[in-house]
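Overview (structure and organization)
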Amino acid sequence: MRQDLFAQRVNPDVPSALSGLFSPDDDPRALSFAAGSPREDLFPVAAMQTAFHTAIAAGGAHLFQYQTAQGNPALRAKLAARIGKWGQVATTADNVVLTVGGQQAIELVAKALLNVGDEVAVEVPTYIGALAAFDLYQPTYHAVPLQADGLDLNRLEDTLKRHPKIKLLYTVPDYHNPTGITMSMAKRQQLVELANRYNFIILEDSPYRDLGYTHAPLPAIKHFDTEGRVVFVSSLSKILMPGLRTGWLVADDDLLTAILRGRMASDLEANNVVHAAINAYLEANDLDAHVAALRASYRGQCSALVQALTTYFPDEVAFTHPDGGFFDWVTLPQNVDAAALLTQAAIPQAHVSYVSSTNFYPARDVHNSLRLCFTGLTPAEIDAGMRRLGAVVKAAVREGRPVV
Ligand SMILES: Cc1ncc(COP(=O)(O)O)c(C=O)c1O
């Protein structure tokens, strides 16, 4: 391959943060805790099939025509109403853009804001897909640690004082990927105040906000936005089906215009046929009831994981106790390398895969943690997988040296 002709943004020597999500293990016992896949048997396939028929019957040939860069107005209105109800964001269809998954929304914001070398703050660990999107624009990263109630705002402010040119902050405030942490209400408001004071944009990425197991969603960060500095991003991937490839964003004024300009350059417009079908689905079905059923299932899967980690993992290992979302974050002793453990023991011996921590840090410099996704597996599979993983983790901890 003529790699010498490639752009630096796809430098083949630096693997994408998204690589390695799907591990090659064809053993029949293989259990993947790696990709953030929702539970497939809960997909409302029949209702969606009916919705496609309804949408096509109603829309006819015109449905298959080019439409608008922003996407289906009726669906945008429903999503605006939804985030108004559950996130207290006062917005309308005019400020909503339908995207190809939340992933494209992140990439569009990066495209609208980032020149090569521009400064971006991210909480760490952070969503690997966001790093993959930002990496294409070759920014300078500043990593800000998370606390149990979300981003460490003191550390963020120190960073902003030292680097006043930071123009974008990326955060996943609700049931964070990969840790499951949720940002407190007070911090949401304070974060917007910092953005106003230090002049940066907040990219609020919240695909898990409906999937809380103990309480209703908190108001979005965008609720506190007074200057149009927050771009709110969400997705139907985790609450309906990822194959619909439907995400959405809420943005204001010139930023909305800039995002739409970037979107037209990438794909002109999102998939109108799919969006008409989703709109028909939402008219005929109760999405909140569907989400409640997901929550009931995921709550049980989450407690099966926490229970199994408690039972099978040694005391030297720490893990989060998520109250929503898809993930648990497991921290091994400093001297155990999670990536080496994955390839040398977890996959070949335990037939269990996960995503190791280096992927979640822009500097790829934290080696002893890992992310487990519990939503794609039954409680029995979770128990079996953690029993096997616990055994190899115990062995690695006992050896007391890096697995290399
Ligand atoms: C935090 C976060 N943002 C965005 C996405 C993108 O999802 P999708 O493009 O399927 O909407 C994911 C998927 O795992 C995610 O965890």
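Thoughts on the overall build of the protein
Counting its secondary structure elements, the protein contains 11 helices and 14 strands. For a compact globule of 404 residues, the expected C-alpha radius of gyration is about 22 Å, and the protein comes in at 21 Å, within 12% of that figure. Reported as C-alpha extents along the three principal axes, the dimensions of the protein are approximately 65 × 55 × 50 Å. In the protein, which comprises 404 residues, the share counted as buried stands at 57%. When the accessible surface of the protein is summed, it comes to about 17,000 Å², and 54% of that surface belongs to carbon and sulfur atoms. Here the protein carries 33 positive and 41 negative side-chain charges, and the mean point of each set is 0 Å from the other.

Let's talk about the site of the ligand
For the ligand, the set of nearby residues contains 14 residues, the closest of which are G102, D205, Y208, S235 and S237. Residue N177 places a side-chain N or O atom 2.7 Å away from an oxygen atom belonging to the ligand. Note that a nitrogen atom of the ligand is positioned 2.6 Å from one of the side-chain N or O atoms of D205. In the complex, 92% of the free accessible area of the ligand, which totals 390 Å², lies under the protein chains. In terms of residues, the shell around the ligand owes the most to one element, helix α3 (residues 101–113), which gives 4 residues. When the residues that make up the shell around the ligand are grouped by side-chain class, the tally is 5 nonpolar, 6 polar and 3 charged.

Topic: the sheet that holds strand β10 (residues 318–319)
Strand order in the open sheet formed by 4 strands is β10-β11-β14-β13, with antiparallel pairing between adjacent strands. The strands lining the two open edges of the sheet, one partner per strand, are β10 and β13 (355–356). Pairing geometry for strand β11 (residues 327–331) and strand β14 (residues 369–373), over 5 bridges, is antiparallel. Within β14, the residue paired with W329 across the bridge is R371. On top of the sheet, helix α9 (residues 287–312) reaches β10, β11 and β14; it is set at about 15° to β11, its chief contact.

Let's talk about a nonpolar patch on the surface
A cluster of nonpolar side chains, L5, F6 and V10, forms an exposed patch at the surface whose accessible area comes to about 290 Å². Tracing the chain through its elements places L5 in the segment before β1 (31–32). A relative accessible area of 65% places L5 in the exposed class.

Let's talk about the domain arrangement of the protein
Assigned domains of the protein: these are domain 1 (3–43 + 289–399) and domain 2 (45–284). Between the C-alpha centres of domain 1 and domain 2 there is a distance of 25 Å. At the junction of the two partners, domain 1 supplies 34 residues and domain 2 supplies 35 residues. Surface buried jointly by domain 1 and domain 2 totals about 2,900 Å² across both partners, of which 66% is contributed by carbon and sulfur atoms. Joining domain 1 to domain 2, the criterion identifies 1 salt bridge. In this assembly, domain 1 and domain 2 are joined by 15 residue pairs in polar contact (both at pLDDT 80 or more). At the level of secondary structure, the elements contributing two or more residues to the side of domain 1 that touches domain 2 comprise α9 and β11.

Structural notes on the nonpolar core
With 74 residues, the main nonpolar core has L372, M386 and L389 as its most contacted residues. The leading source of residues in this core is α9, at 11 residues. Split by domain, this core shows at least three residues from each of two domains, domain 1 (3–43 + 289–399) and domain 2 (45–284). Ignoring anything within four residues of it in the chain, the contact list for L389 reads F313, A346, A350, V352, Y354 and L372. L108, A110, L114 and Y137 belong to the second largest nonpolar core, which has 38 residues in total.

Details of the pattern of salt bridges
Across all of its chains, the model carries 17 salt bridges by this definition. As a salt-bridge pair, D174 and R188 come within 2.8 Å of each other at their nearest N and O atoms. Of this pair, D174 sits in the loop between β6 (168–171) and α6 (185–198) while R188 sits in helix α6; the two residues are 14 residues apart in sequence, bridging distant segments of the chain. Of the two residues examined, D174 and R188, each falls in the buried class. One salt bridge connects E227 with R229, and the closest N-O pair in it is separated by 2.8 Å.

Procedures and definitions
Residues numbered from 1 in each chain as written. Predicted model: local features only at pLDDT ≥ 70, side-chain atom pairs only at ≥ 80, totals over all residues. Heavy atoms only, no water. Helix = DSSP H or I, 4+ residues; strand = E, 2+ residues; numbered from the N terminus. Rg over C-alpha atoms; globule rule 2.2 N^0.38 Å. Buried < 20%, exposed > 50% of the residue type's maximum accessible area, 1.4 Å probe, protein only. Areas by Shrake-Rupley, 256 points an atom, 1.4 Å probe, with all protein chains shown as cover. Lys, Arg positive; Asp, Glu negative; His and termini not counted. Charge placed at Lys NZ, Arg CZ, Asp CG, Glu CD. Near = heavy atom within 4 Å. Polar contact = N/O pair within 3.5 Å; in protein donor to acceptor, adjacent residues only side chain to side chain. Nonpolar A, V, L, I, M, F, W, Y, C, P; charged D, E, K, R; others polar. Pairing = 2+ DSSP bridges. Contact = heavy atoms within 4.5 Å. Axes fitted to C-alpha atoms, helices over the stretch in contact; angles between N-to-C directions. Patch = residues over 30% accessible without salt bridge, like charges linked within 9 Å, V, L, I, M, F, W, Y side chains within 5 Å. Salt bridge = Lys/Arg side-chain N within 4 Å of Asp/Glu carboxyl O. Domains from an automatic or database assignment. Buried area = accessible area lost by both parts, 1.4 Å probe. Core = buried A, V, L, I, M, F, W, Y, C linked by side-chain atoms within 4.5 Å.

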